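Fold and contact review
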Amino acid sequence: MNGTRARFTRLLGLGQETHISLPLFAVLLLVIIWMATDHFIGIERSAAQNAARDSSRELIDTYEAQMQRNLGSIDQTLKVLKYAVELKGTAGALPALNQQGLLPSGLVFVVSIADRNGIVVASNPPARKIDVSQQGYFGFHRDSDTATPYVSQTLRDDANPDWHLHFTRRLNDGEGRFAGVVIVEVDPGYFTSGYERSRLGESGALGLYGSDGVFRALRIGDKVVWGQPAPRPAPDAGAGQAVASDWDGVRRYTSVRRLHGFSLIALVGLSEHESMAAFEQQRRNYLWVAGSGSAVLVVIVTLVCVWSWQLTRTRRRIRRAQETYAAASEASLDAFFVMRSVSGERGAIVDFIIEATNTRAEKLAGMDKPDLCGMRLSAMLPAFRDNGIFDDLVKVMQDGGVHEAEWLAELSGARTCWLHRQVVAVEDGVVAIVRDITERKVAEERIRHMAHHDELTGLPNRSLIRDRLDQAIVQAQRRGRCVAVAFIDLDGFKLVNDGLGHNAGDELLRIVGTRMAACVRREDTLGRFGGDEFVIILPDQADNPMAVAPVLEKIRQAVTEPILLGGQEVQVSCSMGVVMYPRDGAEPNTLMMNADAAMYRAKEMGNNNFQFYTREMNASVEEKLVLLEGLRGALDDGQFHLLYQPKVDLRSGLIFGVEALIRWEHPEHGVVSPMRFIGLAEESGLIVAIGDWVLHTACRQNKAWQDAGLAPVTMSVNVSPRQFEEKRLIDRVAAALRESALPAAALELEVTESLIMRDLAQSVGKMRELKAMGISLSIDDFGTGYSSLSALKSFPISTLKIDKSFVRELADNSDDQAIAMAVISLGHMLNLRVIAEGVETEQQCTFLRDNDCDEMQGYLFSRPVPAEQIALLLEEQARMQAGCDSAGRPLFRPQADAA
C-alpha cells in the first residue's frame, strides 16, 4: 500500500514540473491548431473539388444537349438526302432539295453524293468530282448493310483541302444493293464553338471523340485540334473525376457522355489548376495563420523552459533511450509482449497480464494495442494452460534464463499459424518475443515435398519410392504377406517427345500419371522413377502373382486411351515388369533390378503387355552388363575394326563410294554385331569416342586408297544421335579431315530422319556448317522417320537412302514398290540422288533401275569387306575400264548393258 502511494506521489511531482507540463500543453495546443487548420483546409478542398465536379457535369449536360441537336440536324439532313436520291436520283436530288429550301447552309455544311463506284456526282456548294472509294466511310457502307450513320475521322480530300468531319449514310437501289453514299462534311470547329472561356478557363477541354479512341474535334483555350488519342476512362471515371489528360498530361475534372445514335462521345474537362486556384490561395492563408500562431507559441514555450534546461537535458537522455527501445521494437519482425505475473491467494502464479506490446504484436493477435494492454493472457489464449505455454512462463520466472519453443497457435478469427517464442524473465513478470514462422514451416514442408516428389507429375520420386518399398517390406514381414512391384516404361514416348516437343512430352507424362493413379488404391504407391519410367508398389498382397493382374490390366488399358496434345491425338502404351516379395527378391535393389529385367522382356514380347519375373530374364541383363564392361576398354585395346560396303551407280555399274561399318572383335565372345553394342554405346555415352575413332579411321583409309592411285571414292560415315548433338561435332569432323589430309568432298556423313527432327533448327544449322565445309550429307533409312516435306526441303543434303525394310520385298510387295517409287520421285524433284540399301536380288535391282533409282548397295554386289578387298575391287574396276579385265567379266553389269 505504501509503495503504491509513493509511486503515485512521484508521478504527480513529475507532472507539475514546468519543463514537462508546459511543453505538453504547448504540443496539445499545436495539435489542436494544426488539426483545426487541416480540418478547415479539408473542408475548403472538398468544397472546391465538388464545385469543379458539379461544374464539369453541368457543362457535359449542356454540351451533350447541344451536340445531340447538332448531330440530329446533320443526321436529318442525311436522311433527307437519302430520301431525295431514292426519289429523284443522284442528279435531281440536290436541285430538288435546294428548290424546297431544305439544303443546309453551304458556309457551314458541304453536302455531296457518291455513286456505287465512289465518284462524287453531286455536291453543294458545287465542287469538282473526286473518287472517294478508298475512304474508310465508303468502304464501311459498301461492306456493311446497316442503317447506322458513320462518322469518319477528321480528314481532307482533293475536293475540299480544309479539314472536315464526314457524316455518311448508305444508299441502296431498288433491289436493296449498295448504290453509294450521301455525305455531309462539317468543319471540326463547329462542334467546339460553344467553348466559353468564362466557364472553361484557359486550359479547359471541349471535344468529341469516336469509339475508336480518336478525337474528331478538341478545343483547349483558343486552339482546336483533332486526331489525338482520346482517354479510355474506367467504369467509375468520366463523371467529373480529376484525371490526367492523355493528350497533354494536364489534370482536368473530366466528364464524358456517349451520344445517342452515333459512335461518338462528348468530353468536357476543367483544368484542376484553374478550378482549385481560389482554394490554393485560401489554403496558403490558413497555413500562414496557423504557422504564425505556432511560431509564437513555440517561442514563448522555449523562453519559459530555458531556466530548466539542465533537467530537460537529463530527461532528453532518458527519453532518447526510451525512443530507441520503442523504435527497435517497432522495427522488429518479432512481436513483443511485456507481461506481469498475477499471483493467487497462496502466492502461486495463476495468470499473466499484458502491460505493453508493439505493432507486430497487435497484428499477430488481431487486436488493437488499447485492447491488448491490461488483458489477461488466459483471455487472449484460452488454451495456454493446456499446451505447455503457461508452465514454460512460470518456469522461466522461477529459474530465470531464456526458454525457446515452437507451437501451432489458434488465433482470433479461426486463424492458425506456426509461432516461435523466446521468453525472458524480468522484474515481476516476463517478456515474450514471438515470431510468425508459418512461411518458414510452409517452405520447409515444400522443400520436403520437393525432395521426395517428382516436380513434373507430383508423384513420389525415386527416393520416396525406395522408402515406401522399405516400409512395405517391413509390414509384409510382420504380417506374413507379400508385396508386388511393377516397373512401367511407356512405349512410343520418345516419338511423341521428339515429334511434338518437350512440352507435349511433359503433358503426356502428367496425364498418364493421373490415369495410373486413378487405378490404384489409396494405400498403394505410384511414383515416377525417371524419364518415362514409373513404379507401382502394391503392399499387403497374397502369395499369388495373378491376384495383381486385374489392376495391371486396368492400368495398361488406361494408358492406351488416346490423348489430345496441342490439338493432335496421340496414343502410347506401356510395358510392365512385375516382381513379388519375397519370391523374387528379399531387398529393394534386387526387386527393382528384377522388375526392370521383366519390363525389358515385356518390350521384347512386342510392348503393351506385362510380364512376371522369371530367373531366366537376368541372363540377357547380365549379358548386357558384360558387353558394357567390355565396351569401356574395347577402344583402347584396339578391338574395333572397320568393314566397307561398296556403293554402285545403277547406270554405269561403277563403284563410286563405300560405307564404313564398325565391327567389334570381343576377346571372349568373338565378333559382336553392331546391333548388340551400338545401343549400349549410345546409352552410356561411349558412342562419341567410338564415332570419333570411326571417322578418323575411315578418313585415313580413304586417303590411303587415293595415295595408292585408286579411283577416288566417297567415304560414308554414320553419325549417331549422341554424336550429332555433341557441341564439338564440327570441330571433330574438321580435325579428322585435317589429320588425314582427305579432301572434304571425299567424305559423306549419314544422319537419320528422327535424329534431325529432334531439334530441327539446330540440326539444319549444323548440317549447313558441314555443307559449307564441302562435306556431302545424306539421310539414312529414309521413310522410317517422320520428317515433313516442308522440313525436308530445308535440309542441305545431297542424297536420300531408301531403307532396306522397303527394299526387302520390293519384287513382290506393291506397297513397298509404291513407297520406293515415291521416294525416288521425291528425291529427283528435290534435285537429290537416291540410293537403295539392302539390295540382294536381281529382281530388286531391275525394279530400282527401271524406276530411275540412282545408286544401290547390298549383298547383290558385295557384303561389307575389309579395306584390302575394296582396293582389289577398285583395281579390277580400273582394269575393266581400261579393257584389261583379266578375269574377263565386269564388276557389276547393269541390265541395259547386258542387253
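Residues numbered from 1 in each chain as written. Predicted model: local features only at pLDDT ≥ 70, side-chain atom pairs only at ≥ 80, totals over all residues. Heavy atoms only, no water.

**Let's talk about the pairing of strand β27 (residues 714-718)**
Short version of the rule: Two strands pair under a simple rule: DSSP has to find at least two bridges between them. Runs of H or I in DSSP of at least four residues are treated as helices and runs of E of at least two as strands, each being numbered from the N terminus.
For strand β25 (residues 655-666) and β27, the ladder comprises three bridges, and the chain directions are parallel. Its bridge partner being in β27, Glu 659 is matched across the sheet by Ser 716. Summarising the sheet, β27 and strand β28 (residues 747-752) pair through four bridges and their orientation is parallel. Note that in β28 the partner of Val 717 across the bridge is Leu 749.

**Comments concerning the packing of helix α20 (residues 687-707) against helix α22 (residues 729-740)**
Convention followed: Where helices are involved, their axes are fitted lines through C-alpha atoms of the stretch in contact, as for all axes, and angles between N-to-C directions lie from 0 to 180°. Each angle gets one of four labels, with under 35 degrees taken as roughly parallel, over 145 as roughly antiparallel, 65 to 115 as roughly perpendicular, and the rest as oblique. When the near helix sits turned anticlockwise from the far one by under a right angle, the crossing is termed left-handed; a clockwise turn instead gives a right-handed crossing. Note on contacts: a residue pair is in contact if any heavy atoms of the two residues lie within 4.5 Å. We call Asp, Glu, Lys and Arg charged. Ala, Val, Leu, Ile, Met, Phe, Trp, Tyr, Cys and Pro are nonpolar, and the rest, Gly among them, are polar.
Here α20 crosses α22 at 30°, and the two axes come no closer than 9 Å. Relative to α22, α20 is oriented roughly parallel. In this structure, α20 crosses over α22, and the sense of that crossing is right-handed. Touching Val 688, Asp 692, Leu 695, His 696, Cys 699, Arg 700 and Lys 703 of α20 are Arg 732, Val 733, Ala 735, Ala 736, Leu 737, Glu 739 and Ser 740, all from α22. The residue makeup of the contact of α20 with α22, split by class, is seven nonpolar, two polar and five charged.

**Details of the state of the cysteines**
Disulfide: a covalent bond formed between the sulfur atoms of two cysteine residues. Cut-off, in case you're wondering: The disulfide criterion used throughout: a pair of cysteine sulfur atoms within 2.5 Å. Burial status follows relative accessibility: with a 1.4 Å probe on protein chains alone, a residue under 20% of its type maximum counts as buried, one over 50% as exposed, and anything between as partly exposed.
Evaluated as defined, the whole model comprises zero disulfides. Cys 574 supplies the cysteine sulfur nearest to Cys 519, a cysteine that is in no disulfide, at a spacing of 9.8 Å. On the basis of relative accessible area, Cys 519 is assigned to the buried category, the value being 12%. Cys 853 carries a free sulfur, and the closest cysteine sulfur to it, the one in Cys 845, is 9.2 Å from it.

**Quick word on the UniProt feature "transmembrane region" (unreviewed entry) in the chain**
Operational definition: UniProt positions are given in the numbering used here, feature names are shortened, and annotations may be inferred rather than shown by experiment.
Here the UniProt feature "transmembrane region" (unreviewed entry) sits at residues 20-37 and 286-309. Here residues 20-37 runs as 100% helix and 0% strand, with 26 Å between its end C-alpha atoms.

**Describing helix α29 (residues 867-881)**
In plain terms, the rule: Here the expected span of a helix is defined as 1.5 Å times the quantity of residues minus one.
Over its 15 residues, α29 extends 21 Å from the first C-alpha to the last, a length consistent with the 21 Å expected when each residue adds 1.5 Å. Of all the positions in α29, only Ala 867, Ile 870, Ala 871, Leu 873, Leu 874, Glu 876 and Gln 877 are classed as buried. Those residues of α29 hidden inside the fold are in contact with β24 (640-649), β25 and α20. Immediately beyond the C-terminal end of α29, within one or two residues, lies Gly 883, with a positive phi of roughly 80°.

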